[in-house]
Amino acid sequence: METSVDRIAEPWGSRTPYARGESWPARMDTHLAEGVAPDTVDRWVRTASILHSDGDAMDVAVRDGRMVGVRGRVTDRVNRGRLGPKDAFGWRANAASDRLTVPLIRRDGHLVETDWDTAMRAVVDRSRDLLEERGPGAMGFYTSGQLFLEEYYTLAVLARGGIGTNHLDGNTRLCTATAAEALKESFGCDGQPGAYDDIDHADVIALFGHNVAETQPVQWMRILDRLEGGDPPRLVCVDPRPTLVARAATVHLPPRIGTNVALLNALLHEIIRTGRVDHGYIEARTVGFEQLAKTVADCTPEWAERICDVPAARIVEAAELLGTADRLLSTVLQGVYQSHQATAAAVQINNLHLIRGMLGRPGAGVLQMNGQPTAQNTRECGADGDLPGFRNWQNDEHVADLAEVWNVEPATIPHFAPPTHAMQIFRYAEQGSIRMLWISGTNPAVSLPELSRIRSLLSQERLFVVVQDLFLTETAQFADVVLPAATWGEKTGAFTNADRTVHLSEKAVEPPGQARPDLDIFLDYARRMDFRDKDGGPLISWHDPESAFEAWKRCSAGRPCDYTGLTYAALRGESGIQWPCNAQAPEGTARLYGDGVTWAAPDTCETYGKDLITGASVPPEEYRSENPDGKAMLKGAEFLPPHEEPGSDFPFQLTTGRTLYHFHTRTKTGRVPQLNAAAPDVWVEISSSDAVAHALDEGDLVEVTTPRGSLRARLRVTGIRRGLLFVPFHYGYWDTPSGCGPDESTAPRAANETTVTDWDPVSKQPLFKTAAAALTLVEKRPGQPAPAPTTTASAPSRPDGVPPTVGGATARVRETTSPDGDGHTAAGGNR
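The structure reproduced in this document is the subject of the present report. (Residues numbered from 1 in each chain as written. Predicted model: local features only at pLDDT ≥ 70, side-chain atom pairs only at ≥ 80, totals over all residues. Heavy atoms only, no water.)

With five of its five residues buried, strand S10 (residues 204-208) lies for the most part within the structure. Neither face of S10 is left uncovered, since the one carrying Val-204, Ala-206 and Phe-208 and the one carrying Ile-205 and Leu-207 both have all their residues buried. Across five bridges, S10 lies against strand S11 (residues 234-238) in parallel orientation. Paired with Ala-206 across the bridge in S11 is Val-236. (Buried < 20%, exposed > 50% of the residue type's maximum accessible area, 1.4 Å probe, protein only. Helix = DSSP H or I, 4+ residues; strand = E, 2+ residues; numbered from the N terminus. Pairing = 2+ DSSP bridges.)

Our focus in this paragraph is the pattern of salt bridges. As a working rule, side chains carrying opposite charge can pair if their charged atoms are close by. Counted according to the given criterion, the structure contains 54 salt bridges. When the shortest N-O distance is used, the salt bridge between Arg-73 and Asp-59 registers 3.2 Å. Taken together, the residues Arg-73 in the loop between strand S5 (66-72) and helix H1 (85-90) and Asp-59 in strand S4 (residues 57-63) connect sequence positions 14 residues apart. Per residue, the accessibility class of Arg-73 equals that of Asp-59, and both read buried. Asp-98 is the partner of Arg-671 in a salt bridge, and the nearest nitrogen-oxygen pair spans 2.7 Å. Of the two residues, Arg-671 sits in the loop between strand S23 (652-657) and helix H24 (673-678) while Asp-98 sits in the loop between H1 and strand S6 (104-107), which places them 573 residues apart along the sequence. According to the relative accessible area criterion, Arg-671 is buried, its value standing at 15%. (Salt bridge = Lys/Arg side-chain N within 4 Å of Asp/Glu carboxyl O.)

To continue, consider the environment of Thr-487. The residue Thr-487 is located in the loop between strand S18 (481-484) and strand S19 (493-496) in this model. Taking the C-alpha atoms as reference, Thr-487 lies 9.9 Å from Glu-510; in sequence the two are 23 residues apart. Excluding anything up to four places from it in sequence, Thr-487 contacts Asn-94, Arg-99, Leu-470 and Lys-668. (Contact = heavy atoms within 4.5 Å.)

What follows concerns the packing of aromatic side chains. This structure, assessed with the given rule, holds 15 aromatic pairs. Pairing Trp-683 with Tyr-731 gives two aromatic rings, centres 6.3 Å apart and planes at 70°, and the pair type is edge-to-face. Of this pair, Trp-683 sits in strand S24 (residues 683-687) while Tyr-731 sits in the loop between strand S27 (724-728) and strand S28 (771-779), and the two are 48 residues apart along the sequence. For Trp-683, a relative accessible area of 0% translates into the label buried. What links up through ring pairs into an aromatic cluster is the set Tyr-153, Trp-542, Phe-549, Trp-552, Tyr-563 and Tyr-568. Above the ring of Phe-148, the side-chain terminus of Lys-491 is found at 4.9 Å from the ring centroid. (Phe/Tyr/Trp six-rings, centres within 6.5 Å; stacked < 30°, edge-to-face > 60°. Lys NZ or Arg CZ within 6 Å of the ring centre and 35° of its normal.)

This part is about a negative patch on the surface. Taken together, the side chains of Asp-125, Asp-129, Glu-132 and Glu-133 define an acidic patch exposed on the protein surface. Relative to the assigned elements, Glu-133 resides in helix H2 (residues 116-133). The class of Glu-133 is exposed, set by a relative accessible area of 61%. (Patch = residues over 30% accessible without salt bridge, like charges linked within 9 Å, V, L, I, M, F, W, Y side chains within 5 Å. Areas by Shrake-Rupley, 256 points an atom, 1.4 Å probe, with all protein chains shown as cover. Lys, Arg positive; Asp, Glu negative; His and termini not counted. Charge placed at Lys NZ, Arg CZ, Asp CG, Glu CD.)

A word on the side chain of Arg-15. Topologically, Arg-15 is positioned in the loop between strand S1 (2-6) and strand S2 (28-32). Polar contacts involving the side chain of Arg-15 include one to the side chain of Asp-225, which spans 2.6 Å. Once you skip the residues sitting within four places of it in the chain, Arg-15 turns out to touch Arg-27, Met-221, Leu-224, Asp-225 and Glu-228. (Polar contact = N/O pair within 3.5 Å; in protein donor to acceptor, adjacent residues only side chain to side chain.)

Under the defined criterion, the tally for this structure stands at zero disulfides. Cys-299 supplies the cysteine sulfur nearest to Cys-308, a cysteine that is in no disulfide, at a spacing of 10.0 Å. Assessed through its relative accessible area of 0%, Cys-308 is described here as buried. As a non-bridged cysteine, Cys-581 has Cys-561 as the owner of its nearest cysteine sulfur, 13 Å distant. (Disulfide = S-S within 2.5 Å.)

As a further point, take the packing of helix H17 (residues 422-431) against helix H19 (residues 451-458). When two helices pack together, their arrangement is captured by the angle between the axes and the distance separating the axes. Closest axis-to-axis distance for the H17/H19 pair is 9 Å, and the angle between their directions is 55°. Overall, the two elements H17 and H19 adopt an arrangement that is oblique. The interaxial crossing formed by H17 with H19 has left-handed handedness. Residues Phe-426, Arg-427, Ala-429 and Glu-430 of H17 form the contact with H19, whose own contacting residues are Arg-453, Ile-454, Leu-457 and Leu-458. Considering only residue class, the contact of H17 with H19 consists of five nonpolar, no polar and three charged. (Axes fitted to C-alpha atoms, helices over the stretch in contact; angles between N-to-C directions. Parallel < 35°, antiparallel > 145°, perpendicular 65-115°, else oblique. Left-handed = near helix turned anticlockwise from the far one by under 90°. Nonpolar A, V, L, I, M, F, W, Y, C, P; charged D, E, K, R; others polar.)

In short, the description is geometric, and any link to function would need to be established separately.
Next comes the structure, spelled out in structure tokens:
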């Protein structure tokens, strides 16, 4: 069967149902530019998605040296040929007319064009001056979740081994830090236990704060296909919004914002009370059960109902599903990670699996999801708050091992304190101890909380700001030097998705103008700085992506994220490959912990852990005494009220989040006509009952105010829980007259004008979902609906008068399926 589907109006395409235990049928999705037929494509170049963490494998169509479309790769384990809307259309951003093509440098208060040598000399001269005058602590690096593995590793080596600064983190701190911390707290080490293939085998799938339909749309296609096949899974959804997941769920729990720990403690209470635990598994493979049981002993569903505003009977119903599942798969994302008691909540989800013995088998696993395409690489390569290879900064043997890999003295690598997290890096810049901040591939002037503060600190004369990006973002406009970067499709490198699948993305076209790959920029900087190892040789000896990958393999050897069995040649095969991949697992590893936890022993663990309430580090001696055999750790946490609660002045709760058609701060997706038309401007969601109570209607212009600031947007009336407002965080100012922030001509519209400078004590992830807010009417606008999609969680509660989200003739994607010899479907026909 061959169909043509408008993948803006129908984002998840057509169904290919399959039964539990079967393989997911293939379906090739293709989008080509108008006037381009498949037989006119010069070549197809392999890559994977760069606009979410799914890792959807695809091929880029190239004709006459230009990108002209994409197609899904049907042989890949991640997507079996499917593409989400951002996959299908996102490539068009590469050719945007306002790409940065030459370096810029600030002269007399203005950014002017310059050449690469002048720009890099300015960066190197400032680096050397600061190192001589103030030492390595005066320099900080803030990177992305969208570069390639080879680039992160090079950055980590030059920052930690060359400069010797502890101030290196990624914007993964905003989206995936809690995932990493929760895995370390439970299993002693980072790394997803589960796999996407678990969707094929699970009989219950629980999604905690994870709007998979919009954040990982291809895996939602997979779940939809299971729901239409034999023996479909039952879904448990924890989300305060009426997402598509919630609408398909057997049980939907919409808790009050900031009460996740109370809800999860009640679920644990019920599972333990009813005896639905695997005592043999607990005894053999975990420590801490008695204390966990004690912590949740009084956390009854009735107790949780008073806190969470969720009926006790519904909590009992969810606990029944979780407690009786034959194969339970849980997924977790920002509704947990960016909320109050983030790590404590995420750990309780791990606890659910540990007390039920639901790990390491097909369909039984947990996915502490990522939000960005290469967030996993940021963590494993040491370009965030960890040492490369998941090494423990408190373990001298781990530091010495890393020093041997780099051929430097251990004292060269800063390990006197934890690597500095992003929120602290910006605080140091604000206070003046950091005098140079190099920002690569991210846009903190839109993505960090309390934006007026961020704009103020970035504009300080004493702070030298380097921005390396594709466009003149809101952040770049504050820079002293702007370096034009190449992006996906214009350079080669590896990246790893949320279930540990490594893909190779190969160069398809030349970057525009003088733009350079991030790897080339970092290598040029290292050469100019003349970083040396302890024998006087170059600290960084590699020169291109493949040699950088080989260097990373040496660093990963014998570590949990072992890449030694991988090569570029292997990654050019039919499918991505999951790490660890080594001599013991040459084909990769589908699931972790099938034979028990392997990296929690005191001498091998990545961390000794933290107190889930205070964030205080657990001393190594205490860890050794409590977990000498390196078992999985069951850690309970009492519920504490959120730091900021609604009151008379700010009666609403405010939460922020994503929408299907955009990514991060819209620097790419906002430049794609199909995606931008689907969600062209910011909006505010309110419940139907609150709209009636305040005499507000769909499309009214309103102002949302918190103690930090305000934003203006049109109103969308939805089925969101009462007392809650939702604002998408993607919208900044690059496409407004001001360019970088609100002024007389531009009203504030960025969600992070309103969010609080506060973070989880354990993961240090900012709390974007816990603000108290007021809502006021600015102007009635009858008949003018909000610019929000109708296909997603933002669908209006009364669709009358609200035009449906459509993509038009230019937004069509070809889907092709045909029976293959195994009774599944394979690619064929017009792509």
